[in-house]
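Notes for the structure review
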Amino acid sequence: MQSLDPRAQPPISGASGALQPIPVLNVAAAEVDRQLHICNACRYCEGFCAVFPAMTRRLDFAQADIHYLANLCHNCGACLHACQYAEPHAFAVNVPRAMARVRLDTYAEYAWPPALGRLYRRNGLTLSLATAAGLGLFLALTLAIKGTLFPGPLAGNIYAIFPHDALALMFGLVFAFATLALGMAVRRFWREVSPPSEEPARSGAAALEASRAVLQLKYLDGGHGEGCNEESDRFTLWRRRFHHCTFYGFLLCFAATSVATLYHFVLGLEAPYPLTSLPVLLGTAGGLGLLVGPAGLLWLNRRRHPEHGDSAQRPMDRGFIALLLLVSLSGLALLAGRDSGAMALLLALHLGAVMAFFLTMPYGKFAHGIFRSAALLRFAIEKRQPDRLRMGGE
């Protein structure tokens, strides 16, 4: 096995023939490199998930390879309990934990602007809650100064509190920033990890396969259909179910907003909409999904065995979950109290939570979903290309 210190290896020749130093891996990436060399020699877990077939296409692992494989890992924990080289063995192989530490580096390294990524990495939970509270308080104070914080029943007419154009401008800017930041991050990630396509005719099939894997959360089944490991080596599908509630709850809420936009600009129908209207039904179903899913994920996060992940990620994980819970709880409370005198206050708190979610979205677990989708697309493309090493089963 090669030395784990890249500085101990001989230099390599560049395109011009000049000797160039091998890039030095950071501590987290070097540990993944060490463990993957052991896994490549064993290959017992090759059928568990996409990580191991992708691993067998490589004899050495550059920084970009390690980021790619780390984001391909779904942290189901199955390989840890199957591994004969896990602790107390001297090799101390723990792929889920090693990969989780690299993913934390991914969020900060590819974030745009980089300073916000580093800040969220260190203070995810505090920053999320403080942003939501600060924005909600700001909006509530604005209404109090205008004398409209408790205007009396308004039959759910939110535009009597915040004009439509003001809301559209405010959230348009926030959404544009989040989209730009996510786009810049995933663009850089993709440019570093994507392989040259040798069979462009199959790119459509690869995209379809990757999309199915994302929508089905395919690799949260542990590689055998029985699910993930949480607090022990017992398999459970609850993590996959709670992820589905969260993912599709978010999509339903996005659909509700899209349909309401269509109603307003195309059909000329302005809010408030009846409880039986499509925007309200979609938003209610999405809100319930974003209540059940994040609550379940928080419960699993608190119970999960410490060997199954990286404890340093918990503030980031819980910050994202807390924001989703705030968005869903405040949204459902606003729907329930939209005909009451407290609607303006409920609206301010809900808008603050939603704005905080979008502002922090590019720097935490939402970005992790984007990076993972890109990694799954790369895997789907890569497996359709010739395998030079012919070491794996795919």
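Residues numbered from 1 in each chain as written. Predicted model: local features only at pLDDT ≥ 70, side-chain atom pairs only at ≥ 80, totals over all residues. Heavy atoms only, no water.

1. Things to note about the packing of aromatic side chains
Enumeration according to the criterion identifies 13 aromatic pairs in this entry. Both rings, one in F189 and one in F371, keep their centres 5.0 Å apart while their planes meet at 55°; by these two values the pair is tilted. Placement of the pair is F189 in helix 8 (residues 164–193) and F371 in helix 14 (residues 365–382), with a sequence separation of 182 residues. Overall, F189 belongs to the buried group, its relative accessible area being 0%. (Phe/Tyr/Trp six-rings, centres within 6.5 Å; stacked < 30°, edge-to-face > 60°. Helix = DSSP H or I, 4+ residues; strand = E, 2+ residues; numbered from the N terminus. Buried < 20%, exposed > 50% of the residue type's maximum accessible area, 1.4 Å probe, protein only.)

2. Observations regarding the environment of G364
Relative to the assigned elements, G364 resides in the loop between helix 13 (343–360) and helix 14. With a relative accessible area of 1%, G364 lands in the buried category. Once the C-alpha coordinates of G364 and G319 are considered, the two residues, 45 residues apart in sequence, prove to be 8.4 Å apart. The contact partners of G364, leaving out residues within four places of it in the chain, are Y107, Y120 and M316. (Contact = heavy atoms within 4.5 Å.)

3. Here we look at the side chain of H37
Relative to the helices and strands, H37 is located in helix 1 (residues 27–42). For H37, a relative accessible area of 13% translates into the label buried. Here the side chain of H37 touches D33 through a polar contact of 2.8 Å, landing on its backbone oxygen. (Polar contact = N/O pair within 3.5 Å; in protein donor to acceptor, adjacent residues only side chain to side chain.)

4. Description of the packing of helix 8 against helix 14
Between helix 8 and helix 14, the shortest axis-to-axis distance is 10 Å and the interhelical angle comes to 30°. Put simply, helix 8 runs roughly parallel to helix 14. Crossing hand, helix 8 versus helix 14: right-handed. Together, L182, A185, V186, F189, W190 and V193 of helix 8 and F366, A367, I370, F371, A374, A375, L377, R378 and I381 of helix 14 make up the contact between the two elements. (Axes fitted to C-alpha atoms, helices over the stretch in contact; angles between N-to-C directions. Parallel < 35°, antiparallel > 145°, perpendicular 65-115°, else oblique. Left-handed = near helix turned anticlockwise from the far one by under 90°.)

5. A few points about the environment of L269
Assignment of secondary structure puts L269 in the loop between helix 10 (238–265) and helix 11 (278–303). The partly exposed category is assigned to L269, whose relative accessible area is 42%. Sequence-distant contacts of L269, that is, excluding residues within four places in its chain, are made with Y263 and H264.

6. Description of the nonpolar core
Core analysis: the biggest nonpolar cluster contains 84 residues, and F52, Y68, L69, L72, M99, F162 and F357 have the highest contact counts within it. In terms of residues, this core owes the most to one element, helix 13, which gives 11 residues. Two domains each put at least three residues into this core: domain 1 (27–107) and domain 2 (121–383). Residues contacting L72, with those up to four places away along its chain left out, are A50, V51, A54, A375, L376 and F379. (Core = buried A, V, L, I, M, F, W, Y, C linked by side-chain atoms within 4.5 Å. Domains from an automatic or database assignment.)

7. What about helix 14?
Here helix 14 is 18 residues long and its end C-alpha atoms lie 25 Å apart, about the 26 Å a rise of 1.5 Å per residue gives. Counting buried residues along helix 14, 13 of its 18 residues qualify, which places the element largely inside the surrounding structure. (Expected span 1.5 Å × (residues − 1).)

8. A closer look at the pattern of salt bridges
According to the stated counting rule, one finds 14 salt bridges in the structure shown. Notably, a salt bridge pairs E231 with R303, separated by 3.2 Å at the nearest N-O pair. In this pair, E231 sits in the loop between strand 3 (228–229) and strand 4 (235–236) while R303 sits in helix 11, placing the two residues 72 residues apart along the sequence. Judged by relative accessible area, R303 falls into the partly exposed class, the value being 40%. Counted as one network, the salt bridges with shared partners bring together R58, D65, R378 and E382. (Salt bridge = Lys/Arg side-chain N within 4 Å of Asp/Glu carboxyl O.)

9. Here's the deal with the domain arrangement of the chain
Along its sequence, the chain is carved into domain 1 (27–107) and domain 2 (121–383). In this complex, domain 1 contributes 33 residues to the contact, which on the side of domain 2 involves 35 residues. Between domain 1 and domain 2, the buried area comes to about 3,000 Å², and carbon and sulfur atoms account for 56% of it. Of all residues in domain 1, H74, L104 and Y107 give up the largest surface area on contact with domain 2, accounting jointly for 26% of the area buried on that side. Summed over the shared surface of domain 1 and domain 2, the result is three salt bridges. Its salt-bridge partner being R101, residue D310 comes within 3.6 Å of it at the nearest N-O pair. Applying the counting rule to domain 1 against domain 2 returns 17 residue pairs in polar contact (both at pLDDT 80 or more). Mapped by element, the contributors of at least two residues to the side of domain 1 that touches domain 2 are helix 2 (51–55), helix 3 (63–72), helix 4 (78–82) and helix 5 (95–109). (Buried area = accessible area lost by both parts, 1.4 Å probe.)

10. What about a nonpolar patch on the surface?
Taken together, the side chains of L262, F265, V266, L267 and L269 present a nonpolar region at the surface, about 510 Å² in accessible area. Checked against the element boundaries, L262 lands in helix 10. (Patch = residues over 30% accessible without salt bridge, like charges linked within 9 Å, V, L, I, M, F, W, Y side chains within 5 Å. Areas by Shrake-Rupley, 256 points an atom, 1.4 Å probe, with all protein chains shown as cover.)

11. Quick word on unusual backbone geometry
Looking along the chain, the bond that leaves E87 and enters P88 is cis, with omega of 20°. By the element assignment, P88 lies in the loop between helix 4 and helix 5. Cis rather than trans, the peptide bond between A271 and P272 has omega equal to 5°. Within the secondary structure layout, P272 lies in the loop between helix 10 and helix 11. Of note in this structure, R43 is not a glycine but carries a positive phi near 65°. Structurally, the position occupied by R43 is in the loop between helix 1 and helix 2. With a phi close to 55°, N75 is a non-glycine residue in the positive phi region. Note that N75 resides in the loop between helix 3 and helix 4.

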